[in-house]
Amino acid sequence: MSSASPRAEIRTSLQSTADDLLAYFERRLRSRDDAADLLGETMLQAWRRIDAFPVVDPVRQRMWLFTIAANVLANYRRSTSRQVALAGRLRAQLATAPAPVDPSETTAVRDAVLRLRDAHRELVMLIHWDGFSLVEAAEILGLNASTARGRYAAARAVLIDALAETAPAVARRRVT
């Protein structure tokens, strides 16, 4: 049995095996940077599992470190696979998404909404930007539903007039 502490043994084992572990990752990955990251993760995992470190036998130590490396690589591949699948789903969603709005129209609408009186602005924003119904927005603002309907109608009229001047295409579609 070795007289060295587990901390000293694991440090020595990691130092002597690091180049081989890096080569292991480099042979299995396209990116040298990814290989280096996985080597770092392997070392971190080894330190976290120091209680399981086979202090007695250098051959077992090397095998133990390569077992950790294999698990780190498997986790990396699963994670990469999930990321690729997620990116594919996002691309598919974007392909079916409606065409983007003209930025000048977006700016005109935002500016017109921000020029509304406070009581009208928040109601319009809750309904159109946050997706609440008129009744839900009224409740959030602590308003009677009929008061909210009146404020919303007044806000729409102001917006239609404001947009008719600055963004005629938007005003023609009418604020709904």
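Residues numbered from 1 in each chain as written. Predicted model: local features only at pLDDT ≥ 70, side-chain atom pairs only at ≥ 80, totals over all residues. Heavy atoms only, no water.

What follows concerns the nonpolar core. For soluble globular proteins, the rule of thumb is that nonpolar side chains tend to be buried together. Residues Ile10, Phe25, Ala46 and Trp64 are the most contacted members of the largest nonpolar core, which totals 20 residues. Those elements giving two or more residues to this core turn out to be helix H1 (6–28), helix H2 (32–48) and helix H3 (58–96). The contact partners of alanine 46, leaving out residues within four places of it in the chain, are Ile10, Leu14, Trp64, Leu65 and Ile68. (Core = buried A, V, L, I, M, F, W, Y, C linked by side-chain atoms within 4.5 Å. Buried < 20%, exposed > 50% of the residue type's maximum accessible area, 1.4 Å probe, protein only. Helix = DSSP H or I, 4+ residues; strand = E, 2+ residues; numbered from the N terminus. Contact = heavy atoms within 4.5 Å.)

Compared with the 24 Å implied by 1.5 Å per residue over 17 residues, the 24 Å span of H2 between its first and last C-alpha is a close match. Looking only at H2, the buried set comprises Ala35, Leu38, Leu39, Thr42, Gln45 and Ala46. Down the axis, H2 shows its buried residues gathered within 125 degrees of arc, on one side only. Exposed side chains of H2 directed beyond 90 degrees from the buried face belong to Asp33, Asp37 and Arg48. Looking at the packing, one finds that the buried side of H2 touches H1 and H3. For H2, the side-chain oxygen to backbone nitrogen distance between the N-cap and aspartate 33 is 3.2 Å, and the N-cap itself is serine 31. (Expected span 1.5 Å × (residues − 1). Arc of directions from axis to C-beta. Polar contact = N/O pair within 3.5 Å; in protein donor to acceptor, adjacent residues only side chain to side chain.)

Here the idea is simple: oppositely charged side chains can pair when their charged atoms come close. Scanning the entire structure with this criterion turns up three salt bridges. One salt bridge connects glutamate 26 with arginine 32, and the closest N-O pair in it is separated by 2.5 Å. You can call arginine 32 exposed: its relative accessible area is 57%. The partner of arginine 121 in a salt bridge is aspartate 118, and the shortest N-O contact between them spans 2.8 Å. Residue arginine 121 and its partner aspartate 118 are located together in helix H5 (residues 118–129), separated by three residues, close to a single helical turn. Using a relative accessible area of 21% as the deciding quantity, one classes arginine 121 as partly exposed. Residue classification places aspartate 118 among the exposed residues on the basis of a relative accessible area of 56%. (Salt bridge = Lys/Arg side-chain N within 4 Å of Asp/Glu carboxyl O.)

None of the figures reported here should be taken as evidence of function without further support.
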